[in-house]
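In case you want the letters, here they are:
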Amino acid sequence: MKTKIILLGPPGCGKGTQAELLGDRLGLVRLSTGDMLREAVRKDTPLGKEAKKYMDAGALVPNDVIIGMMKEKIHDLGGAFLLDGFPRTVEQADALGKEVDVDVAINIDVEDEELVKRLTNRRSCPECNSVYHLANKQPKVVGICDKCGCQLYQRDDDTEKTVRNRLEVYRENTYPLIEYYRERGRLATVKGVGDIEYIYTQISEALK
Ligand code: AP5
């Protein structure tokens, strides 16, 4: 099985949802730059203070900040990892490529209007980072995380205006990574619409 894995795709395509399943079922170490940054914001660290202004606007945190944050972690990753939200620019992909040889970049393909509906109705757990949806993936008890019992919240960047900006930022900065990994023979694309378990099966096939 391929064990050095990147999840690519626009905001809301299901990277976090699928990363949670892959991590739980295949035991892969999951690293989400979004979750790491949100934790830094919650703890009000210097990194969190710096990142917050970009995240609230739906912009990317500058490459040097992200690469600095990830460098040691990437180095320590060794043979098996699942990256969710990194790399997001060609510069970040080059930095990653200097440390490890990626087996596969899974591109989860979903159209914009579906992404807007998903993100504006998403609810997240601040503690374990599980994600839910008001209609598509409801918790067993309204407003409470199934996994850890914490109160769910709506992310500040999940308003329609910020989501549309994130989609533009994605198109300009991250979309070129599809070609980047295709040229290197590392790209697998799965359709990210429909049953979450079916999408998981397709991703599992791409890891063989
Ligand atoms: P990050 O947290 O990485 O956000 P994102 O890439 O915008 O992705 P999302 O978490 O919004 O979506 P997702 O694809 O994980 O979808 P999910 O599974 O939750 O980054 C946030 C910010 O941090 C960035 O804007 C940037 O500022 C900064 N940042 C992070 N990394 C960076 C980097 N490398 N460089 C620079 N800046 C960086 O699903 C979404 C919803 O849809 C959920 O409600 C879910 O239940 C539902 N859903 C999932 N699958 C389905 C399905 N098949 N059908 C119906 N609903 C579904």
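Refer to the preceding data block for the structure.
Residues numbered from 1 in each chain as written. Predicted model: local features only at pLDDT ≥ 70, side-chain atom pairs only at ≥ 80, totals over all residues. Heavy atoms only, no water.

Draft legend 1. A look at the overall build of the protein. Within the protein one finds 9 helices and 7 strands. For the protein, whose C-alpha radius of gyration is 16 Å, the value lies close to the compact-globule estimate of 17 Å for 208 residues. The principal-axis extents of the C-alpha atoms in the protein amount to approximately 45 × 40 × 30 Å. Buried positions account for 47% of the 208 residues belonging to the protein. (Helix = DSSP H or I, 4+ residues; strand = E, 2+ residues; numbered from the N terminus. Rg over C-alpha atoms; globule rule 2.2 N^0.38 Å. Buried < 20%, exposed > 50% of the residue type's maximum accessible area, 1.4 Å probe, protein only.)

Draft legend 2. Representation of the state of the cysteines. Counted by the stated rule, this structure contains 0 disulfides. With no disulfide of its own, C13 has C128 as its nearest cysteine by sulfur position, at a separation of 19 Å. (Disulfide = S-S within 2.5 Å.)

Draft legend 3. The arrangement of helix α8 (residues 176-183) in detail. Three or more residues of α8 are buried, namely L177, I178, Y180 and Y181. Summarising the axial view, the buried residues of α8 lie within an arc of 160°, below the 170-degree limit, and thus occupy one face. Residues of α8 that are buried sit in contact with β1 (4-8), α5 (90-99), β4 (104-109), α7 (160-174) and β7 (187-191). A positive phi of about 70° marks G185, the residue just after α8. (Arc of directions from axis to C-beta. Contact = heavy atoms within 4.5 Å.)

Draft legend 4. A look at the sheet that holds strand β2 (residues 30-32). Strands sit in the order β2-β3-β1-β4-β7 across an open sheet of 5 strands; the sheet is parallel. Each edge of the sheet is formed by a strand with only one pairing partner; in this case those strands are β2 and β7. With direction set aside, neighbouring strand axes in the sheet form an average angle of 20°. (Pairing = 2+ DSSP bridges. Axes fitted to C-alpha atoms, helices over the stretch in contact; angles between N-to-C directions.)

Draft legend 5. Region of interest: the side chain of R118. On the secondary structure map, R118 appears in helix α6 (residues 112-120). R118 sits in the buried class, given a relative accessible area of 15%.

Draft legend 6. Broad picture of the packing of aromatic side chains. Applying the stated rule across the entire model yields 2 aromatic pairs. Plain terms: the ring middles of Y170 and Y175 are 6.4 Å apart, the flat faces sit at 80° to each other, and that makes the pair edge-to-face. Judged by relative accessible area, which is 47%, Y175 ranks as partly exposed. Ring plane angle 70° and centroid distance 5.0 Å describe the contact between Y180 and Y181, whose orientation is recorded as edge-to-face. Across the pair, exposure class does not vary: Y180 and Y181 are buried alike. Over the aromatic face of Y132 sits the side chain of K137, whose NZ or CZ is 4.9 Å from the ring centroid. (Phe/Tyr/Trp six-rings, centres within 6.5 Å; stacked < 30°, edge-to-face > 60°. Lys NZ or Arg CZ within 6 Å of the ring centre and 35° of its normal.)

Draft legend 7. Just the site of the ligand, in detail. By nearness alone, 36 residues border the ligand, and T17, A59, R88, R122 and R166 come closest of all. At 2.7 Å from an oxygen atom of the ligand is found a main-chain nitrogen or oxygen belonging to Y132. In the environment of the ligand, a nitrogen atom lies 3.0 Å from a nitrogen or oxygen atom belonging to the side chain of N136. Breaking the shell around the ligand down by element, the ones donating at least two residues are α1 (15-26), α2 (33-43), α6, β6 (131-133) and α9 (196-206). The element that contributes the greatest number of residues to the shell around the ligand is α2, accounting for 4 residues. Split by residue class, the shell around the ligand holds 15 nonpolar, 12 polar and 9 charged. (Near = heavy atom within 4 Å. Polar contact = N/O pair within 3.5 Å; in protein donor to acceptor, adjacent residues only side chain to side chain. Nonpolar A, V, L, I, M, F, W, Y, C, P; charged D, E, K, R; others polar.)

Draft legend 8. Focus on the pairing of β7. Only one face of β7 is buried: it carries A188 and V190, and the other face, with L187, T189 and K191, is open. Looking at chain direction, β4 and β7 are connected through 5 bridges and run parallel. The partner of I108 across the bridge, within β7, is V190.

Draft legend 9. Geometry of the layout of surface pockets. Approximately 210 Å³ is the volume found for the second largest pocket. For the second largest pocket, the full set of lining residues is R38, V41, R42, K52, M55, D56, Y153, R155, D156 and D157. Secondary-structure elements contributing two or more residues to the lining of the second largest pocket are α2 and α3 (46-57). Classifying every residue of the lining of the second largest pocket gives 3 nonpolar, no polar and 7 charged. (1 Å grid on protein atoms, 1.4 Å probe; cavity = no way out; pocket = protein on both sides within 12 Å on 5 of 7 lines; lining within 4 Å. Points joined across faces, edges and corners; volume = space filled by probe spheres on them.)

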